[in-house]
Amino acid sequence: GAVVSQHPSWVICKSGTSVKIECRSLDFQATTMFWYRQFPKQSLMLMATSNEGSKATYEQGVEKDKFLINHASLTLSTLTVTSAHPEDSSFYICSAPSGGAVYEQFFGPGTRLTVL
Amino acid sequence: LAKTTQPISMDSYEGQEVNITCSHNNIATNDYITWYQQFPSQGPRFIIQGYKTKVTNEVASLFIPADRKSSTLSLPRVSLSDTAVYYCLVGAIFSGGYNKLIFGAGTRLAVHP
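The present account deals with the structure reproduced in this document. These numbers come from a predicted model, not from an experiment.

### As for the state of the cysteines
Residue and element names in this part refer to chain A. Applying the stated criterion across every chain yields a total of 2 disulfides over all chains. One disulfide bridge connects C23 with C94, the sulfur atoms lying 2.0 Å from each other. A torsion of 80° about the S-S bond marks the disulfide between C23 and C94 as right-handed. Here C23, found in strand β3 (residues 19-25), pairs with C94, found in strand β9 (residues 90-97); they are 71 residues apart in sequence, far enough to count as distant. Assigned by exposure class, C23 and C94 land together as buried. No disulfide involves C13; its sulfur sits 18 Å from the nearest other cysteine sulfur, which is in C94. A residue is classified by how much of its surface remains accessible, and C13, at 8% relative accessible area, is buried.

### Topic: the side chain of S90 of chain A
All names here are of chain A. Looking at the secondary structure, you find S90 in strand β9. Engagement of the side chain of S90 in a polar contact is seen with the backbone oxygen of Q38, the distance being 2.9 Å. Not counting residues within four places of it along the chain, the set of residues in contact with S90 comprises R37, Q38, F39, T111, R112 and L113.

### Focus on the packing of aromatic side chains
Summed over all chains, the structure comprises 10 aromatic pairs over all chains. Measuring from centroid to centroid gives 5.7 Å for Y36 of chain A and F103 of chain B, while their planes differ by 85°, and the two rings are edge-to-face. Placement of the pair is Y36 of chain A in strand β4 (residues 32-38) and F103 of chain B in the loop between β8 (84-92) and β9 (107-112), with the two residues belonging to separate chains. The class of Y36 of chain A is buried, set by a relative accessible area of 0%. Residue classification places F103 of chain B among the buried positions, given a relative accessible area of 9%. Above the ring of Y51 of chain B, the side-chain terminus of R68 of chain B is found at 3.9 Å from the ring centroid.

Reading guide: rules and limits
- Residues numbered from 1 in each chain as written.
- Chains lettered and ligands numbered in written order.
- Predicted model: local features only at pLDDT ≥ 70, side-chain atom pairs only at ≥ 80, totals over all residues.
- Heavy atoms only, no water.
- Disulfide = S-S within 2.5 Å.
- Helix = DSSP H or I, 4+ residues; strand = E, 2+ residues; numbered from the N terminus.
- Buried < 20%, exposed > 50% of the residue type's maximum accessible area, 1.4 Å probe, protein only.
- Polar contact = N/O pair within 3.5 Å; in protein donor to acceptor, adjacent residues only side chain to side chain.
- Contact = heavy atoms within 4.5 Å.
- Phe/Tyr/Trp six-rings, centres within 6.5 Å; stacked < 30°, edge-to-face > 60°.
- Lys NZ or Arg CZ within 6 Å of the ring centre and 35° of its normal.

What follows is the structure, given as structure tokens:
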């Protein structure tokens, strides 16, 4: 199946700093990607839909000025957590749809963010 | 998007068949049923998808009754490596469309030796 990668796999930062997470579709093009956040022992929560060449669509309750999404190419979407705080510590996961006959989304391995 | 209800957790033993049932009473005509598997600290992985009756692939079977208000994921002869969280999702699929997935709570399956 298709492969989605994320970088970095984990990051530790100080409170108040910004962190950028990359999501890449390695062997297919993705005009749309999705960003999720997952807290320990909880389900995935959809944060936003990343659209290549246009603005991202954010889910209700997600601060668009805090979680900046840029989908600059057909294989790369980035999520920047600005002015991170300890409550932003979470597991961030991106996904991209296959576009095939069976609707399947390929998920990245996730990025563990810890804000001190 | 149709809301789904699954058991919070299940326990099984190696070699047994495991059936996880998902209720989706408000499923719409255009909705498909998809199951994902997630291991700790990893992204979810697609398992199987279906619309009606039965679908089988190399890892699982999906049973969907005629009214489509529920579905059952069947894992044959589970092993310790099948310990994971299993999510049932329901949503419309259309050609070229990129539907967002809304995850429910999922079922935490623990397989014991």
